[in-house]
Amino acid sequence: MENKPIVTCAGDQSLFTSLYTSLAQQLPKEPMEWRRSYGRAPKMIHLEANFVQFKEELLPKDGNRALLTFPFLHIYWTDCCDTEMYKVSVKDGMLRWQSTLRLHGSVDWLIVVVESEAKKKNKTNILPRTSIVDKIRNDFCNKQSDRCVVLSDPLKESSRSQDSWNSFLTKLRTLLLMSFTKNLGRFEDDMRTLREKRTEPGWSFCDYFMVQEELAFVFEMLQQFEDALVQYDELDALFTQYVLNFGAGDGANWLGSFCATVKRWSGLLLRRPIDMEKRELIQRGEASLLDLRSYLFSRQCTLLIFLQRPWEVTQRALELLHNCVQELRLLEVSVVQGALDCWVFLSCLEVLHRIEGCCDRAQLEANCSHTVGLWTYATEKLKSLGYLCGLVAEKGPTSEDLNRTVDLLAGLGEERPETVNSLQSPYKKLNEALSSVEAFEKHYLELSHAAMEMYRAIGRMRSSRLIGKSLAEFYMKKGDPERAEGFLDDSLRSYVAEGWSLQVTHTRKQMAECQKLLQQTEDYLQTSALLAGDANLTEEERKHFYQVILTFASQAPTVALSMAAFAQLRQMQFSPPGAVVHVGAALQLELRVRCLMPVAVQVEQLAATLHFSLEQGGARGRAGGTQRRTGQGPQGQGDGVVLFPQGSPLAGAGMGASLPPALELYEMQDRSPSDSSLNSTGVVCKNMHLLLRRHDSSASLDTPTAGALPAAVAVDDGAQMLRARDITLQPGDNSILFTAPTGEPGSYTLRQLCGSVGRVQFVQSHIYPVVQYEVYSQEPQLTIEPLSDNLLAGIPQKVKFTIATGHYSVKKGDALQLSNTDSMPILHSSCCSATILSSTGELVGERALSVQSSEKVTSISLPPTPPYHTLEFQLEVLCHIPPTPFKPDIERLTNGEVRHRPKNHSQADSGMIHIDQKVSIDCPWSIYSTLISLTFYVPFKAKHSILSAGKRKYIQVCLQNVSDTNFHLADPVLTELTDRAHTSSLTRSLTHLFGSSFPQTVCSQQSVFCLWEMRWVKHLPLCLQCAFSASFAPVSASDAHTAFKPYRYEFQLDRVSTLYSLKAEILPSSGDQHCRTGALCGLEVSITRQAEPSETEGEEEESTEIEGLRTTKLMYEVVDNSSNWAVCGKSSGVVSMPVAASATHRVQMEVMPLFAGHLPFPDIKVFKYLPHSAVPAIQPDTDSCLENDTMSLLDKGLDDQGDTASIRSRGSIHSVGSGEQQRGLPMPRLEPFSPGQVFYWSQGRQVLVLPVTDDHVMEVNVT
């Protein structure tokens, strides 16, 4: 539509005609900013104008709202340069022009005075141009001087002319835009006022439609297509709301014109910018609903094409077509049957042709997702027309159908001029399709295959299969089931995979009819079985399909069908629940089946094939056989019940058959080989190959064409089977009992299930989850285990003997031969019995047990016991405690790592020492001996220590109960161990120095201390062998006197004689009675030799002889670990001690107390100082020189005493003499004295330290 704002031109028409071309070209070049009211965003627009000659008829009359014919600006053109001419003619013309404008209320005008240099040259007596302009402004523009502009030589190409021309164009655009905005705003206000009156009785939607469309035309005129589209969308929404209100019972009076009977259904017309024919019908109020919707959508389509949004056209078109069908029903409009289908079909093709006209082929292929909906809708409507007009029937259309076709084609009217020359116009296609059966089939198949290809291209396979199902129905109507079968099978696969039960049922009924016509007997029976068990059908329909099966069951040949259509497995239960039995044992399987047939079914035989394997069963023991997977899967229970889920192939009597199998997950643990600790854990999926297989592919064994069920395979009659004969399966749940064969050891897995009904066999080829049981042949096993958590050494302990007979039968005279050991004798009584248990743990009976013991062997006679039974009895054993401290060997693995015992056998935390005792047993069922290890734990932990008091010596023994048992302890004795060749050095037995009465109770983790004083005749030996002995018995023992058992602990004391005594004194500074904090005090240390060394001790001490005097070197050190004292000066040194009794050495040093109170003496330590025998390679430096101690009268030179710094520079005190060398000097070494060799007189002493008196004065100023 080519509409422009109207601008009238008055005055000199020849002058305007000369400037018209330049004016029309220059005006739209520069954009103008258009600011609108109500906060709408400003826009840049290019203004164009339709310049026409001024006539009074063009001026708007009262009540005229048309904006397209409204003159927005009036221009008066003149090039008058003569005053006389202005007064005679020009002025009068302007007066008449303004009077006319004022009469019609138009205030938008402009006077243009064109100045020409040519006229100036011809007129010599003319006034300057400003005088004419001033006169015009004075006469007509008193208050609006800008309404008069001067245009200087507009036809010349000079800068002055160009500036004048640009100024005029700017003024013209501004005035035109101002007028346009003002009048458009007034128009919008009037339009809103009219819309607000829509509830009044006389309001008409058609009148309002024309008003708002006028606004849309104005926006389109300004190329504001988006705003124009908004106007049509508002009209669309307003009309739709009125239709919905009418359907809800609130109807408007003006809707009656749209409820008239539809007489024409020519479809949409999108090839014209404006369908004037339908617009005039709307303007006159004679348009039907289809006319209004067609015109409104054609305008929306035009604007969307201008906006380059063609794909939105297709979306809106599909919504329009569906909405129109519903609106006609809401308004109860009378429509000829099939007329609406014609209108929809023509409209779909018209929209598609319009889109094809504005897009190239590549764009159409890339955006077929937007157009495929229209193709599908057109296909559906053409199919509906074909059925209506009898073009699909096998016999062709009847006379009534032909008459109906003629009526429908008559309602199309004449073909539009725009499509007369087009061979593929929608009008021609519909006429041709309804003209004959062959033409209809051609066009219908063409549209159907085009829509299917588009759906496949965009990946919408479900929609493609839906069209295929429609094609199948078409072929079935045409009597061509062979071509329909493929489409039905494809649709059925899709419905089954996605779980659409009703669609599955409907499609299977169509498939059954198709298979019946094609004489596909086996597939037809399979589909009939599925339909007979389908709950979506009525009872009569299900019985009909079941009767089809029964009819064929009495005929030959045999047919194998899928079990999923006949029955559904619910669960299977083993008895016994473990599903692990020995050879020859009874094992029953209870199978629960849900029959899907509508009536009771007589099954001649229900059989399950078994697969036998030696991999899982065989000769494994019961310990391995009880860890079966039966009942451990995702549907398994712990009581031997296997559940079959609804989604498995077994339960798929319809749609569940194609669902993926459930996850079969198992736990995986990685443990350390040394201590069985858990390193990592995970989950393993056993049926990953079933879950990750490809779906929706070509036909396979698991998804055959006959209803998407597993393929039925004939049962192998030669295999081992579970059978149940002459069973009546009632509709619903049924229970069937099988007896499983257990003749051979191995693993039995259920592979197939088959139910025979006459000649029809219902077969389940695969059973999931896996159902299997094991038959084992167990070897006899002997185990010995303690009855308590820990076996304690030294007291009788009961152990339990367990014999699993396995396949061996214990006969009379069979016996166990146990080898005796001195460290662990077997205790037996005259009355001993054995218990016999069955394989299920039930008590069979008790038998007497005969135990005979000799010097080397203990024989246990066994009572007769059947195979696969358990024989249990108890015996007492006693493990002797070794007298010396037991140090277990460190067990190492083959890779060199230390073997760690499991926590249930380790007692490291409690300090218990374990003793491993091995017993060799000869069993009657084996030629080899069985070696069994028992671990005993020593209940006590003993340790000794030597104590000194001057020259007196004491031995202390600590006995700790480290077990969880409470004991009575009696008769503790300590004796000296001597050989026959040597006499004891002690005068008499060791003297007890404790006052506790014995026996006494020692609880768990409780300790008992015993003390003895040593006395000797001459001198104490260098080494002393001692033995501590006591008796103990458990508190819980019934007879405490007979239950006491001996405990013995042997140990050795080395170098126990006192060699030196150490005494210290702390003296306050001179003049003070007590030591004070921070004041230096004197520390005097006296080292005294107690006795001359024996021969053995003399060999161990390093001594030197100077001038006939033998001396040995000692090192002393004063340290204070409690930080109470600060040692001033050197804190250590080396002294030479004469090897003579009562020899004394004194050392003095200064110490400073750091705290007040009774402070303990600093620690004083003495070590053996063993100098290196090698001669120094170089002369020692100052740090390595020895100092002379002036306090010692026996020191002979500088070499006798070392500096503290020299010693500490080589490391700690204990590391001196470690063999390392510094600067090439040989290093001395230190050796500590054995316990008891040095007696500290001052140990535990304290000295009183007073706080220091503070005489200082501190001034404090407080402000």
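Rules of the game
The numbering scheme is per chain: residues are counted from 1 as the chain's sequence reads. Since the coordinates come from a predicted model, pLDDT governs what is reported: local features require at least 70, and pairs of side-chain atoms require 80 or more to be given and counted, while whole-chain, interface and lining totals use all residues. Side-chain measures here rest on the full set of heavy atoms in the structure, leaving out hydrogens and waters. Salt bridges are identified by distance alone: a Lys or Arg side-chain nitrogen within 4 Å of an Asp or Glu carboxyl oxygen. The way it works is that DSSP assigns letters per residue, a run of H or I at least four long becomes a helix, a run of E at least two long becomes a strand, and they are numbered from the N terminus. Burial classes follow relative accessibility: with a 1.4 Å probe on protein chains only, a residue under 20% of its type's maximum area counts as buried, one over 50% as exposed, and anything between as partly exposed. Whether two strands pair comes down to DSSP finding at least two bridges between them. Note on geometry: axes are C-alpha line fits, over the in-contact stretch for helices, and angles between N-to-C directions span 0 to 180 degrees. Two residues qualify as a contact provided that any one of their heavy atoms is within 4.5 Å of a heavy atom in the partner residue. Each crossing gets its hand from how the near helix is turned against the far one by less than a right angle, where anticlockwise is left-handed and clockwise is right-handed. Amino acids are sorted into nonpolar (Ala, Val, Leu, Ile, Met, Phe, Trp, Tyr, Cys and Pro), charged (Asp, Glu, Lys and Arg) and polar (every other residue, Gly among them). Whenever a nitrogen or oxygen atom comes within 3.5 Å of another N or O atom, the pair is scored as a polar contact, on the condition that within protein one atom can donate a hydrogen and the other can accept it, and that pairs from neighbouring residues in sequence are kept only if both atoms are in side chains. Every residue gets a pLDDT, meaning the predictor's confidence in that residue, from 0 to 100. Stacked, tilted and edge-to-face are the three classes applied to pairs of Phe, Tyr and Trp rings, where Trp contributes its six-membered ring and a pair requires centres within 6.5 Å; stacked means planes under 30 degrees apart, edge-to-face means over 60, and tilted covers the rest. We call a set of buried Ala, Val, Leu, Ile, Met, Phe, Trp, Tyr and Cys residues a nonpolar core when their side-chain atoms join them within 4.5 Å. Here the expected span of a helix is defined as 1.5 Å times the quantity of residues minus one. The directions from the helix axis to the C-beta atoms are what the arc is built from. Candidates for patches are residues over 30% relative accessible area with no salt bridge; among them, like charges are joined within 9 Å and nonpolar side chains (Val, Leu, Ile, Met, Phe, Trp, Tyr) within 5 Å. Per-residue and other accessible areas follow the Shrake-Rupley method at a 1.4 Å probe size, with only the shown protein chains counted as cover for residues.

A few points about the pattern of salt bridges
Thinking step 1. Tallied over the full model, the rule gives 43 salt bridges.
Thinking step 2. In this structure, Glu 312 engages Arg 316 in a salt bridge whose closest nitrogen and oxygen atoms are separated by 3.1 Å. With Glu 312 and Arg 316 both in helix H10 (residues 310-330) and 4 residues apart, this pair spans about one turn of that helix.
Thinking step 3. Glu 312 sits in the partly exposed class, given a relative accessible area of 22%.

Focus: the sheet that holds strand S4 (residues 50-53)
Thinking step 1. Spatial ordering of the open sheet is given by S4-S1-S5-S6-S7, a layout of 5 strands whose pairing is parallel. Among the strands making up the open sheet, the edge pair consists of S4 and strand S7 (148-152). When strand polarity is set aside, the average angle formed by the axes of neighbouring strands in this sheet is 30 degrees.
Thinking step 2. Lying on the sheet, helix H1 (residues 13-26) is in contact with strand S1 (6-11), S4, strand S5 (71-78), strand S6 (109-115) and S7; it crosses S5 at an angle near 120 degrees.

Remarks on the packing of helix H17 (residues 461-477) against helix H18 (residues 481-498)
Thinking step 1. As a packed pair, H17 and H18 sit with axes 8 Å apart at the nearest point and diverge in direction by 145 degrees. The hand of the H17/H18 crossing is left-handed. Where H17 approaches H18, its residues Arg 462, Arg 465, Leu 466, Gly 468, Lys 469, Leu 471, Ala 472, Tyr 475 and Met 476 are matched on the opposing element by Pro 481, Arg 483, Ala 484, Phe 487, Leu 488, Asp 490, Ser 491, Ser 494, Tyr 495 and Glu 498.
Thinking step 2. Residue composition of the contact of H17 with H18, grouped by class: 10 nonpolar, 3 polar and 6 charged.

Describing the side chain of Thr 314
Thinking step 1. As for its placement among the helices and strands, Thr 314 is situated in helix H10.
Thinking step 2. Judged by its relative accessible area of 2%, Thr 314 is buried.
Thinking step 3. Reaching out from Thr 314, the side chain makes a polar contact with the backbone oxygen of Trp 311 at a distance of 2.6 Å.
Thinking step 4. Excluding residues within four positions of it along the chain, Thr 314 makes contact with Val 351, Ile 355, His 370, Thr 371 and Leu 374.

With respect to the confidence of the model for the protein chain
Any region with low pLDDT has predicted coordinates that should not be read closely.
Thinking step 1. Confidence along the protein chain averages 80 in pLDDT terms, with 82% of residues attaining 70 or more.
Thinking step 2. Segment residues 888-909: pLDDT under 50, and 22 contacts once partners within four positions in sequence are set aside and those in other chains are kept.

Describing the packing of aromatic side chains
Thinking step 1. By the definition in use, this model includes 45 aromatic pairs.
Thinking step 2. Ring plane angle 85 degrees and centroid distance 6.1 Å describe the contact between Trp 97 and Trp 109, whose orientation is recorded as edge-to-face. Of this pair, Trp 97 sits in helix H2 (residues 83-103) while Trp 109 sits in strand S6; the two residues are 12 residues apart in sequence, bridging distant segments of the chain.
Thinking step 3. Since its relative accessible area comes to 3%, Trp 97 is described here as buried.
Thinking step 4. On the numbers, 6.3 Å between centres and 55 degrees between planes, the contact of Phe 574 with Tyr 773 is tilted. One end of the pair, Phe 574, is in strand S9 (residues 567-575); the other, Tyr 773, is in strand S20 (residues 772-776), and 199 residues separate them in sequence.

Notes on the environment of Phe 998
Thinking step 1. The topology assignment puts Phe 998 in the loop between strand S36 (991-992) and strand S37 (1000-1002).
Thinking step 2. Sequence-wise, Phe 998 and His 968 are 30 residues apart; in three dimensions their C-alpha atoms are separated by 8.9 Å.
Thinking step 3. Among residues more than four places away in sequence, those in contact with Phe 998 are Leu 969, Ala 970, Asp 971, Pro 972, Val 1008 and Cys 1010.

So, the nonpolar core
Thinking step 1. Core analysis: the biggest nonpolar cluster contains 141 residues, and Phe 51, Trp 77 and Phe 168 have the highest contact counts within it.
Thinking step 2. Those residues in contact with Trp 77 that sit more than four places away from it in its chain are Cys 9, Ala 10, Gly 11, Asp 12, Leu 15, Phe 16, Leu 19, Leu 23, Val 112, Val 114, Leu 151 and Phe 168.
Thinking step 3. Listed in part, the 63 residues of the second largest apolar core include Leu 791, Cys 832, Leu 849 and Phe 1032.

So, helix H9 (residues 289-306)
Thinking step 1. With 18 residues, H9 ought to run about 26 Å at 1.5 Å a step, and its terminal C-alpha atoms sit 26 Å apart, in line with that.
Thinking step 2. Burial runs high along H9: 17 of the 18 residues are buried.
Thinking step 3. Count one or two residues on from H9 and you reach Gln 308, which has phi positive near 60 degrees.

Description of helix H21 (residues 539-553)
Thinking step 1. End to end, H21 covers 21 Å across 15 residues, agreeing with the expected 21 Å (1.5 Å per residue, within 8%).
Thinking step 2. Buried within H21 we find Arg 542, Phe 545, Tyr 546, Val 548, Ile 549, Phe 552 and Ala 553. Along the axis of H21, the buried residues cluster in a sector spanning 140 degrees; they form a single face.

Quick look at the environment of Ala 579
Thinking step 1. Here Ala 579 is to be found in the loop between S9 and strand S10 (580-582).
Thinking step 2. A sequence separation of 62 residues divides Ala 579 from Val 641, and the C-alpha atoms of the two residues are 9.6 Å apart.

Brief notes about the side chain of Ser 347
Thinking step 1. As for its placement among the helices and strands, Ser 347 is situated in helix H11 (residues 339-358).
Thinking step 2. Here the side chain of Ser 347 touches Trp 343 through a polar contact of 2.7 Å, landing on its backbone oxygen.

A short note on a nonpolar patch on the surface
Thinking step 1. Together, Leu 663, Leu 665 and Val 683 make up an exposed nonpolar region whose accessible area comes to about 290 Å².
Thinking step 2. Under the relative-accessibility criterion, Val 683 is labelled exposed at 61%.

Thoughts on unusual backbone geometry
Thinking step 1. In this structure, Pro 576 follows Ser 575 across a cis peptide bond, with omega equal to 10 degrees.
Thinking step 2. Residue position: Pro 576 is located in the loop between S9 and S10.
Thinking step 3. For the bond from Tyr 768 to Pro 769, the omega torsion is 0 degrees, close enough to zero to count as cis.
Thinking step 4. Looking at the secondary structure, you find Pro 769 in the loop between strand S19 (760-764) and S20.
Thinking step 5. For Gln 223, which is not a glycine, the phi torsion comes out positive at approximately 65 degrees.
Thinking step 6. Look at Gln 223 and you get exposed, because its relative accessible area is 52%.
Thinking step 7. Look at Tyr 868: it is not a glycine, yet its phi comes out positive at around 55 degrees.
Thinking step 8. For Tyr 868, a relative accessible area of 9% corresponds to the buried category.

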